[in-house]
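Observations on chain architecture
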Amino acid sequence: MLKTNMCGELQIKDVGTSVILAGWVARRRDHGGLTFIDLRDSSGTIQIVIKNDKLNLTEKEISQIRNEWVLGVKGIVTERQEGARNSNMPTGDIEISVNELEIINQSNTPPFPINEDLSLDETNRMKYRYLDLRRSRMNQNLKLRHDVMHFIRNFLTNKKFIEIETPILNVATPEGARDYLVPSRIHPGKFYALPQSPQQWKQLLMVSGFEKYFQIARCFRDEDLRSDRQPEFTQLDIELSFVEEKDILILIEELMVSMLKELDLGFDFPLNFPLIPYSESMEKYGSDKPDLRFDLEINDLSSVFLNTSIKIFADVLKKDQRIRGIHIPGGNKLTKKQLQEFNEIAKLHGAMGVASMHFDDDYKITKSEYDGFSSLLEKFISIDELLTLNDRFNIKPGDAIIISAGHDDLTSQVLASIRNEAASMLNLVKETDLAFCFITEFPMFEYSDSANKWTAMHHLFTMPFEEDIQYIASDPKRVRSHAYDLVCNGQEVGSGSIRIHKSELLLKILQQLGIDESIAHEQFGHVLEAFEFGAPPHGGIAPGIDRIVALLAKESDIREVIAFPKTKTASDLLTGAPSKIGTENLDELHLKIDDPSS
Ligand code: ASP
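This is a predicted model, so every value here is computed, not measured. (Residues numbered from 1 in each chain as written. Predicted model: local features only at pLDDT ≥ 70, side-chain atom pairs only at ≥ 80, totals over all residues. Heavy atoms only, no water.)

Side note on the overall build of the protein chain
Within the protein chain, the secondary structure is distributed over 15 helices and 22 strands. Burial analysis of the protein chain (598 residues in total) assigns 48% to the buried set. Considering only contacts in the protein chain between residues 6 or more positions apart, those separated by 24 or more positions represent 66%. For the protein chain, the accessible surface area stands at approximately 31,000 Å², while carbon and sulfur atoms represent 50% of it. Each charge class in the protein chain was averaged separately, 68 positive and 92 negative side chains, and the resulting centres sit 3 Å apart. (Helix = DSSP H or I, 4+ residues; strand = E, 2+ residues; numbered from the N terminus. Buried < 20%, exposed > 50% of the residue type's maximum accessible area, 1.4 Å probe, protein only. Contact = heavy atoms within 4.5 Å. Areas by Shrake-Rupley, 256 points an atom, 1.4 Å probe, with all protein chains shown as cover. Lys, Arg positive; Asp, Glu negative; His and termini not counted. Charge placed at Lys NZ, Arg CZ, Asp CG, Glu CD.)

Here's the deal with the pattern of salt bridges
In total, this model carries 42 salt bridges according to the counting rule given. Among the ionic pairs, Lys-13 bridges to Asp-14, the shortest N-O distance being 3.5 Å. By relative accessible area, Lys-13 is classed as exposed at 65%. Between Asp-38 and Arg-27 there is a salt bridge whose closest N-O contact spans 3.2 Å. With Asp-38 in strand β2 (residues 34–41) and Arg-27 in strand β1 (residues 18–30), this residue pair connects regions lying eleven residues apart in the sequence. Taking relative accessible area as the criterion, Asp-38 reaches 6% and is therefore assigned buried. When salt bridges with common partners are traced through the structure, they connect Glu-122, Arg-125, Arg-129, Asp-132, Arg-135, Arg-137, Glu-555, Asp-557, Arg-559 and Glu-560 into a single cluster. (Salt bridge = Lys/Arg side-chain N within 4 Å of Asp/Glu carboxyl O.)

Some thoughts on unusual backbone geometry
A cis amide bond links Ala-577 with the next residue in sequence, Pro-578, at an omega value of 0°. As for its placement among the helices and strands, Pro-578 is situated in the loop between α14 (545–552) and α15 (583–588). A positive phi is found at Asn-452, a non-glycine position, where the angle reads about 60°. Tracing the backbone shows Asn-452 in the loop between β18 (445–448) and β19 (453–456). The class for Asn-452 is exposed, based on a relative accessible area of 57%.

Right, here's the structure in full:
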């Protein structure tokens, strides 16, 4: 036996026991004749004490031991003396008095320290990911990931869901993101696509009569990567038959709440997740992913400025656009530089800037005069306008208002970003809060200017509101859908919908998306046909596992909770993927490379 116990699991009650341990040297200290080593294994760390002269190894051999060498240790669990205890270490009351030591393997000097939680060079971390994963933070993140998946599997199994695997080699889909394609050797010129999600399969499983399906599924999308995206990621894919939207939302709320209770990570979270219709979310927060850890709601200020002499506001109102703003209590303490950042944000979104109003510490206002108010608009704003703002927001000395005027799409983007930025500048975000909500009633369609056509906002299998079906062709903008997102702390954590289960309606949607009937049959014939064989009403959702674990691990990037992630340019620095392949392979796959750089 190479070990009888785990380093991190030994306790004071084990004092006197003989143990065999094995693990890595986390740290070593020499004290003339005595060597202290912190020995680490997957359970934690324990101090081992070597009296150099009483050992099977020579003093020289012991002195050569370095960090990350692999040791085997035979010894006795001993209580540490008063004063030598370490309350920062779970095993800090005990140590191992070593009788026999074996050097199992040596290690090169690691390219970065494994012991300390330093900020490290990304490239090195990715290249030596197996060492990066030795670090306690990464180790804990992956353990948390396991706990999350384990909980989910138990929870859904107890509710009579069954986990079914679906194919990785699929037919390419014309809608959605770009597919990762796999050339077929057997069928020259043909390709499989890796799944963007098991969407069609899970709907077909409902036609098969499974009623409650789930899968912890790997999904692949060939998109340009942002910090919270990976080319492959993991979803908790769920689908149920004979359900309404609320049944799915209740299930997910129960899953998240009971998981957070069980994991007990010290977060504050709501027991009931608020439901916010999409239009309300855009109005109040300028976004369909509102961060509800703070208020700072957006308000429509148009009515305040109906007869204004502020020319830009008057012009905007003439164009039937709106003036919207955020009242920031205590916002006057934002520095000039921070306010300038708001202008930069506005410009990034294509606006000219924002207007700000400042209410100084000596701010006061009566019906005829004011003091302590400053703004670039001061010359043009009337006392009545100021009074209306004052009463509407119950303005206190020290507050500020940030205003954006123009088209709703633009002001929403500008103010949503400023809302988040202001909250972080004013430290309104509590790290231990998880502010969940569901966004509901998404529009069925959105117009894509780049593609010059209507696209499905969630996906084309989403069920429109019954009473809006009549507007699909005549007024697509007006059609609401039974699509919903789970949002937490300003991030989309999952989305889903009640699905169409009749081919007639699916054809209608496809037509609106510019896919005529013959192409629809070519590309979606299998689904259209399946729906002709007694498809039950059904719906589902797919929370992102990476995103959830990152939130729970307080990591801002999902790469920190994925064992072997890719870089932002979709490369794997450890193995070198993607790599060139030989002409022999290319020939077999009937491929020719047309790359000017090669
Ligand atoms: N398949 C969808 C997605 O990946 C989720 C769903 O509708 O269940 O976004």
